Amino acid sequence: DVKVTQSSRYLVKRTGEKVFLECVQDMDHENMFWYRQDPGLGLRLIYFSYDVKMKEKGDIPEGYSVSREKKERFSLILESASTNQTSMYLCASSLRSGAETQYFGPGTRLLVL
Amino acid sequence: DAKTTQPPSMDCAEGRAANLPCNHSTISGNEYVYWYRQIHSQGPQYIIHGLKNNETNEMASLIITEDRKSSTLILPHATLRDTAVYYCIVGPRGFQKLVFGTGTRLLVSP
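Residues numbered from 1 in each chain as written. Chains lettered and ligands numbered in written order. Predicted model: local features only at pLDDT ≥ 70, side-chain atom pairs only at ≥ 80, totals over all residues. Heavy atoms only, no water.

**Examining the nonpolar core**
Next up, step 1: Among the nonpolar cores identified, the biggest contains 21 residues, and B:Leu20, B:Trp35, B:Leu73, B:Leu75, B:Tyr86 and B:Leu106 are the most heavily contacted of them.
Next up, step 2: Broken down by element, the residue count for this core peaks at four residues, all from strand E8 (residues 84-92) of chain B.
Next up, step 3: Ignoring sequence-local partners within four residues, the contact set of B:Leu73 consists of B:Ala18, B:Asn19, B:Leu20, B:Trp35, B:Ile47, B:Ile48, B:Ala60, B:Ser61 and B:Tyr86.
Next up, step 4: Counting 20 residues, the second largest nonpolar core, distinct from the first, contains A:Met32, A:Ala81, A:Leu110 and A:Val112. (Core = buried A, V, L, I, M, F, W, Y, C linked by side-chain atoms within 4.5 Å. Buried < 20%, exposed > 50% of the residue type's maximum accessible area, 1.4 Å probe, protein only. Helix = DSSP H or I, 4+ residues; strand = E, 2+ residues; numbered from the N terminus. Contact = heavy atoms within 4.5 Å.)

**Focus on the state of the cysteines**
Think of a disulfide as a covalent bridge from one cysteine sulfur atom to another cysteine sulfur atom.
Next up, step 1: Counted by the stated rule, this structure contains two disulfides over all chains.
Next up, step 2: Here A:Cys23 is linked by a disulfide to A:Cys91, with a sulfur-sulfur distance of 1.8 Å. Taking the torsion about the sulfur-sulfur bond, which here is approximately -75°, the covalent link between A:Cys23 and A:Cys91 counts as left-handed. Pair noted here: A:Cys23 is in strand E3 (residues 19-25) and A:Cys91 is in strand E9 (residues 87-94), with a separation of 68 residues, a long-range link. A:Cys91 matches A:Cys23 in its accessibility class, with the two residues each being buried.
Next up, step 3: The disulfide that involves B:Cys22 links it to B:Cys88, with 2.1 Å between the sulfurs. Between B:Cys22 and B:Cys88, the disulfide has an S-S torsion of -80° and is therefore left-handed. (Disulfide = S-S within 2.5 Å.)

**Comments concerning unusual backbone geometry**
Next up, step 1: The backbone of A:Lys53 sits at a positive phi, close to 65°, despite the residue not being glycine.
Next up, step 2: Structurally, A:Lys53 can be placed in the loop between strand E5 (42-49) and strand E6 (56-57).
Next up, step 3: Residue class for A:Lys53 comes out exposed when judged on its relative accessible area of 57%.
Next up, step 4: The backbone phi angle of B:Ser41 is positive, close to 65°, even though this residue is not glycine.
Next up, step 5: Within the secondary structure layout, B:Ser41 lies in the loop between strand E3 (31-38) and strand E4 (45-50).

Listed below in structure tokens is the structure:
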């Protein structure tokens, strides 16, 4: 079974802090994704990556950056956390371009005070 | 723009079939219908997808109308563990991002 793990289930940070969210997948998937989920808004794509060191902006990249130095790891960075970034963050991976099935991690619930 | 329309909530008795509808009247010829679900406090989970033929796997069946403007996800014998939010998504093969709407909250009761 594909396993996607995220570094934390719950995280509390202060406004202005730099925040790192880590995601690791163990199935050699090419594509990795970061979403945020907010009540009433569904899931929104922040960034995705289709290869090591490659990244593409999603629908809401502002205030975020990403890093993919190794195939199995995709990091989401909040350069200066703000209260409107309080959300559930979900990482996903898929085998290759054109693969319909995305496998999601359990999510990180981030609270920015 | 929302590409799919789903009822906000549905109830189902344990052991009975759960039929979850989805309208996608603007679906294009090359777009597939995908279903995911999200159990509380977990990440979304892929269920099934199809283009125009009905599909079945170990989790569910997908019935797509002939005009492809709507579909129904069928859980043949719902259990309490099927309580979740179910998302219907349309997109072309090879698309990179999933656009989740607000889905249908299915409550399976004893």
